[in-house]
Amino acid sequence: MKAVRTFIILGLAVCGLFSMSCADFLDRPSKNKVTDSELMSSVSGVTVYLSRLYSLMPFEDFKYTAKWGIPERNSWLGAFGIEGTGEAVNREGECVSFTNENQPYWSEGLTLIHDANHLIETLPAYRENFTSESLYNEFVGQGYFVRAFVFYQMARRYGGIPLVKSQIAYNPDMPDEMEVSRASEEETWDQICSDFSTAAELLPEESTVHGSANRYAALAYKAEAMLYAGSVAKYNETVPGRLTGVGSKTGVRVIGFEPGKSAELSRKWFSQSYEAAREVMQSNRYSLYRNSWKPDDRQAQYQNMVDMWRDLSSPENILVKEYSYPTVTHGIDAYSSPYYWHAPLAGGTCPTLDFVELFDGLPRYADGQFRTTDGNGYSDGNYLMYDSPYDAFADAEPRLRAYVILPMDTFRGRTIEVRAGVYTGSSPVSPFFTDYSYATASESFFNLPQFENKSAQTLFMSNSPTEPSYVTVNGEKWEANGSAGLWIAYGESTVNGFHLRKWLDPDKKLSDIGEGKSDQPFILMRYADVLLAAAEAGVELSIAGVESPVEGDDMLAVATAAINDIRERAGADLLAGSLSADEQSRNIVRKERRKELAFEHKSKWDIRRWRVAHEEARRGFWGEERDPLLTGSGSVFKFRGLFPFYSTATGKYFLDTRFRFSIDPGFTYNILDYYFAIPGGEVSKSSYIDQQPNR
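These lines cover the structure that appears in this document, whether it is placed above or below. (Residues numbered from 1 in each chain as written. Predicted model: local features only at pLDDT ≥ 70, side-chain atom pairs only at ≥ 80, totals over all residues. Heavy atoms only, no water.)

### With respect to the environment of Tyr-436
- Within the secondary structure layout, Tyr-436 lies in the loop between strand 9 (421-423) and helix 12 (449-452).
- Note on Tyr-436: relative accessible area 11%, which makes it buried.
- A sequence separation of 58 residues divides Tyr-436 from Tyr-378, and the C-alpha atoms of the two residues are 6.7 Å apart.
- Setting aside residues up to four positions removed in sequence, Tyr-436 forms contacts with Tyr-378, Ser-379, Tyr-383, Pro-431, Asp-656, Thr-657, Arg-658 and Phe-659. (Helix = DSSP H or I, 4+ residues; strand = E, 2+ residues; numbered from the N terminus. Buried < 20%, exposed > 50% of the residue type's maximum accessible area, 1.4 Å probe, protein only. Contact = heavy atoms within 4.5 Å.)

### Some thoughts on the pairing of strand 16 (residues 640-647)
- Within strand 16, eight of the eight residues are buried, which leaves it mostly tucked inside the rest of the structure.
- The alternating pattern of strand 16 places Arg-640, Leu-642, Pro-644 and Tyr-646 on one face and Gly-641, Phe-643, Phe-645 and Ser-647 on the opposite face, and all of these are buried.
- Bridge count for strand 9 against strand 16 is three bridges, and the pairing is parallel. In the strand pairing of strand 16, Tyr-423 is matched with Ser-647.
- Sheet topology note: the strand 16/strand 17 (residues 652-659) ladder contains eight bridges and is antiparallel. Of the residues in strand 17, the one forming a bridge with Ser-647 is Lys-652.
- Following strand 16, the chain reverses through four residues before pairing antiparallel with strand 17; Gly-651 in that reversal takes a positive phi of roughly 70°. (Pairing = 2+ DSSP bridges.)

### Observations regarding the packing of aromatic side chains
- Per the counting criterion, the structure on display carries 63 aromatic pairs.
- Relative to Trp-341, the ring of Tyr-340 lies with its centre 5.0 Å away and its plane at 85°, an arrangement referred to as edge-to-face.
- What links up through ring pairs into an aromatic cluster is the set Tyr-365, Tyr-378, Tyr-383, Tyr-423, Phe-432, Phe-433, Tyr-436, Phe-445, Phe-643, Phe-645 and Phe-654.
- Directly above the ring of Phe-98 sits Lys-604, whose terminal nitrogen or CZ lies 5.4 Å from the centroid.
- Across from the ring centre of Tyr-675, 5.2 Å away, lies the NZ or CZ of Arg-611, which sits over that ring. (Phe/Tyr/Trp six-rings, centres within 6.5 Å; stacked < 30°, edge-to-face > 60°. Lys NZ or Arg CZ within 6 Å of the ring centre and 35° of its normal.)

### A word on the nonpolar core
- Core analysis: the largest hydrophobic core is formed by 201 residues, its most contacted members being Phe-145, Trp-189, Phe-393, Phe-432 and Phe-599.
- Of all the elements, helix 4 (residues 133-158) adds the most residues to this core, at 15 residues.
- The contacts of Trp-189, once residues within four sequence positions are left out, are Tyr-152, Ala-155, Arg-156, Ala-225, Met-226, Tyr-228, Ala-229, Phe-257 and Trp-269.
- Ranked by size, the runner-up nonpolar core spans nine residues in total, among them Met-408, Phe-460, Val-473 and Tyr-646. (Core = buried A, V, L, I, M, F, W, Y, C linked by side-chain atoms within 4.5 Å.)

### Examining the pattern of salt bridges
- Applying the stated rule across the entire model yields 52 salt bridges.
- Put simply, Glu-205 and Arg-285 hold a salt bridge, and the shortest N to O gap is 3.2 Å. Residue Glu-205 is located in the loop between helix 5 (185-202) and helix 6 (215-235), and its partner Arg-285 is located in the loop between helix 7 (262-282) and helix 8 (298-307); the two are separated by 80 residues in the primary sequence.
- You can call Glu-205 partly exposed: its relative accessible area is 39%.
- Judged by relative accessible area, which is 30%, Arg-285 ranks as partly exposed.
- The shortest N-O distance in the salt bridge between Glu-625 and Arg-619 comes to 3.6 Å.
- A network of salt bridges, in which partner residues are shared, links Glu-316, Asp-360, Glu-397, Arg-399, Lys-502, Arg-526, Arg-567, Arg-569, Glu-592, Lys-595, Glu-596 and Glu-600. (Salt bridge = Lys/Arg side-chain N within 4 Å of Asp/Glu carboxyl O.)

### Focus: the side chain of Asp-656
- Note that Asp-656 resides in strand 17.
- In this structure the side chain of Asp-656 is engaged in a polar contact, spanning 3.1 Å, whose partner is the side chain of Tyr-436.
- In contact with Asp-656, other than residues within four places in its own chain, are Tyr-383, Phe-432, Phe-433, Tyr-436, Phe-445, Gly-641, Leu-642, Phe-643 and Phe-645. (Polar contact = N/O pair within 3.5 Å; in protein donor to acceptor, adjacent residues only side chain to side chain.)

Read these as spatial facts, not as claims about activity.
Quick look at the structure:
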């Protein structure tokens, strides 16, 4: 008997349509299933089917942690930028390099592709039941969008993947017919482009199903995906030995590209990215969020960028993942709020000084590093003194304050008291260390003689809030560290002086914070992404000497305007001139992307596609020229924190910086890590699935 294709009612076990291994069970319909003829023949039925597809989409949002991967789908220890991007660090064990995921996104992705193919192939049989041609096209277009998105998520992990473009009939007697080998990486990216293009052609300008993609979401993701493809084609060539190879089973070039084709492919894919981004821009349907923005008003500019993450009516939002308390929730406030809101953990996302240094308006040395002394470097001169650590950021661009809780800034009506300790020695205060280089990264404040010499102790710090150290300040008993930390060896508060602000709900009360109590939306795709894609693709094409793929466009003028629009909204300095067809301008765009899209699960993919995470290329890690020895030598690298100390002699604060020396040893990244390994079980059981070359 031919198996009946079915949709399992929500809450029941899913098989058959969604898992070919259940085909025998589906030989006869049961009362808790809905057949295709019932499901695909009505708007409500297809909407339910589509809702299920979207519930399984591999979106990276509050419920994604890079260490665990997409299939885990929970918000336990929710944090951002802690996977070696340099944006943030956090507690031991969760802070790991993005070289794999504990649960690889492979079989789950292929299952969702199967379900998307079922929609694409089955719905035409019920075409006559849809009186609206546009609605019918939209449903088919959603199938292509889902398939394209899953292909894209798999491709940037693995390179060439099995391009399953039709349903595979379950046939246990002929298992080879159920196998699809990995396509080449070139074929994979071309298919992703094709599917996003088809989705854009079929989808309407406004989606009918709330929360699903429209035409411009498909175009925006096409721009992002082709930007990734163009970057890989170009920058694979810069990796020692060229990062490419063929599979041992099929001889297909599963990673990288044929010799001599990379330049051609990069130009093609950058062009497709630029065209897609420009179509979104020229539609005039989206704009940067400026609802409370005012020129020359830093407070208004800051508040504008705080408000934009919760405003579902924002003209910047292109695709949003919504949550609703108490049924569909996440835990970002429980895990990444400052220590005062410890419920049950805190401080999960601790931005680094390396990240903070990207922003305008900071005190700096000549080499661009954050200034802590009145000399020429960290170990020269005496510490600068401030009434509050927050004063050091008085001229910083408002976007920084909207993304990062700075020491002693206010949040949820409280001063976030961040203090590493109290210094009772004389003034002026000379630097604690003579060497601030990576070579001394393991040296701790706790090893200083000012701390260790108890008979003449002048430096007071605490390991943790459960082991406080006290000191008398102006006749008052002070806990040496601030109420929000900084407990340097304690992983449930800030471990390096900063806290995440972006995404956190500023109105949450202490009683409202806990696991699974947050419901702010996650913006998956926004207009700023599109502007940055157009700018980067435009500069890359200009460097390559390619004419604009959009008639009448001056790509460098478009790129310059895009970057200035983002910087103006952020309260940053506008560019001094126009962008040019050179690496310096390319790096300006990259740096802006690193800032604007921080803590959105974007940077870990950017540094991979730019091929700047391994030792030889780390100079461009931040989207700007930096000495790679500032973060480490060899394959291991670390990031720095900023540590405020109170001086009793002056009644003021001074700031010191160190590599993060406790909690974790650092991050490691090698050339092979630009592609994840294919799950070993999938390779061993298949005659067709190739493992990555050299694995």
